[in-house]
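Structure at a glance
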Amino acid sequence: MEMSNATIRRRWRPTPVNLIAGGLVIAGFALAGLNWGFIALVGLGAFGPGVLRELGWLRDKDEFELAAARRAGYHGFLAAGLLAFLLTAYYRLHPDLTAWPGNLVELILVVLWFTWLLSSLLAYWGARRMAMRLLVIFGGVWLIFNILSGWQQGPVGVLMQSLLAVPFFGAAWLASRWPRAVGILLLGLSVFFVLQFGLQRVVDDPFRSGRIFVLIFFIGPLLVAGLGLLSREVDERE
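A brief look at the structure comes next.

1. Topic: the overall build of the protein
Regarding its fold elements, the protein presents 10 helices and zero strands. When the helices and strands of the protein are placed in sequence order, the string is α-α-α-α-α-α-α-α-α-α. Taking all 238 residues of the protein together, 29% fall into the buried category. Long-range contacts, defined here as pairs at least 24 residues apart, represent 59% of the contacts in the protein between residues at least 6 apart. For the protein, the exposed surface amounts to about 15,800 Å²; the carbon and sulfur share of it is 69%.

Here you go:
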């Protein structure tokens, strides 16, 4: 007979991974007084094991523990997303307040939503379909955005700006025929556009010319679609 959930909870013991992660968190907070760079240890301890588990590199939890962790993660996503929206709405209504953290909160909101979207698409469609439909979705978004933003520049301006949607639609059309080759091409395009737009300097000034948002919404879909097309799941699930 399988143990009940209550029995599993009573018999929980910290694993080596838990001890290492907890040690990193404690060390990060303790050393932050000397140098704030050590606060990165807290992030590694708190989120590193979860990232490794989702990548399949760490298998220290059973199905019940993984389900509990993922449910807790979804609760964290809902709480952080709702809080970010409420803060954005409040401070946008009170622009005179000097405490507004501005783009940082909105950046967190964007990362939360974008990560949720990619994870949902991957779970529903698998790697190849996710890659192709992601390209179509964001190709359409960029096409509409560039048409609206270039409307005052006339037909030539609209046409030139709309060319940014070509890599998305072109790759989506070719991916059904040559997924591996298109995956490699998308990774190459990601690197090219990062260098072309100067996004490699995003850490120094993330919000200059909207660098961070271009990196997430333009480079991000190309990069994720490329990785999806190169995934082994293309062969296994499709």
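Back to the text.
2. Points about the environment of Ala 181
Here Ala 181 shows up in helix H8 (residues 179–196). Taking the C-alpha atoms as reference points, Ala 181 and Gly 226, separated by 45 residues in sequence, lie 9.3 Å from one another.

3. Some remarks on helix H7 (residues 166–175)
Restricting attention to buried positions, one finds in H7 the residues Pro 167, Phe 168, Ala 171, Ala 172 and Ala 175. The arc that holds every buried residue of H7, seen down its axis, measures 125°, which confines them to one face.

4. Here's the deal with the packing of H8 against helix H9 (residues 211–230)
H9 packs onto H8 with a crossing angle of 155° between their chain directions and a minimal axis gap of 7 Å. When the axis of H8 is compared with that of H9, the two are roughly antiparallel. Seen along the crossing, H8 lies across H9 with a hand that is left-handed. Contacts between H8 and H9 pair Pro 179, Arg 180, Val 182, Gly 183, Ile 184, Leu 186, Leu 187, Ser 190, Phe 193 and Val 194 from the former with Leu 215, Phe 218, Ile 219, Leu 222, Leu 223, Ala 225, Gly 226, Leu 227, Leu 229 and Leu 230 from the latter.

5. Re the packing of aromatic side chains
One pass over the full model with this rule turns up five aromatic pairs. Summarising the aromatic geometry, the rings of Tyr 74 and Phe 77 are spaced 6.0 Å apart at their centres and angled 25° between planes, so their arrangement reads as stacked. Note that Tyr 74 and Phe 77 are positioned in helix H4 (residues 63–93) at a spacing of three residues, about one turn of the helix. Residue classification places Tyr 74 among the partly exposed positions, given a relative accessible area of 44%. Since its relative accessible area comes to 22%, Phe 77 is described here as partly exposed. Pairing Trp 113 with Phe 114 gives two aromatic rings, centres 6.5 Å apart and planes at 40°, and the pair type is tilted. Given a relative accessible area of 8%, Phe 114 falls into the buried group.

6. Topic: the pattern of salt bridges
One side chain can pair with another of opposite charge once the charged atoms of both are near each other. Throughout the structure, instances matching the rule amount to one salt bridge. With its nearest N and O atoms 2.7 Å apart, the salt bridge here joins Arg 53 to Asp 60. The buried category is assigned to Arg 53, whose relative accessible area is 16%. For Asp 60, a relative accessible area of 24% gives the class partly exposed.

7. As for H8
Here H8 is 18 residues long and its end C-alpha atoms lie 25 Å apart, about the 26 Å a rise of 1.5 Å per residue gives. Listed as buried for H8 are Pro 179, Val 182, Gly 183, Leu 186, Ser 190, Phe 193 and Val 194. End-on view of H8: buried residues confined to an arc of 115°, all on one side of the axis. In H8, the exposed positions angled more than 90 degrees off the buried face are occupied by Ile 184, Leu 195 and Gln 196. Just beyond H8, the residue with positive phi is Gly 198, at close to 70°.

8. Observations regarding the nonpolar core
Within the largest apolar cluster, 27 residues are counted, with the highest numbers of intra-cluster contacts made by Leu 135, Phe 168, Leu 186, Phe 218 and Leu 222. Looking at this core, the elements that each hand over two or more residues are helix H5 (103–149), H7, H8 and H9. Here this core takes 12 residues from H5, the largest share from any one element. Once residues within four sequence positions are removed from consideration, Leu 186 is found in contact with Leu 135, Ala 171, Leu 222, Ala 225, Gly 226 and Leu 229.

Definitions and cut-offs
Residues numbered from 1 in each chain as written. Predicted model: local features only at pLDDT ≥ 70, side-chain atom pairs only at ≥ 80, totals over all residues. Heavy atoms only, no water. Helix = DSSP H or I, 4+ residues; strand = E, 2+ residues; numbered from the N terminus. Buried < 20%, exposed > 50% of the residue type's maximum accessible area, 1.4 Å probe, protein only. Contact = heavy atoms within 4.5 Å. Areas by Shrake-Rupley, 256 points an atom, 1.4 Å probe, with all protein chains shown as cover. Arc of directions from axis to C-beta. Axes fitted to C-alpha atoms, helices over the stretch in contact; angles between N-to-C directions. Parallel < 35°, antiparallel > 145°, perpendicular 65-115°, else oblique. Left-handed = near helix turned anticlockwise from the far one by under 90°. Phe/Tyr/Trp six-rings, centres within 6.5 Å; stacked < 30°, edge-to-face > 60°. Salt bridge = Lys/Arg side-chain N within 4 Å of Asp/Glu carboxyl O. Expected span 1.5 Å × (residues − 1). Core = buried A, V, L, I, M, F, W, Y, C linked by side-chain atoms within 4.5 Å.

Bear in mind that shape data such as this cannot, by itself, settle questions of function.
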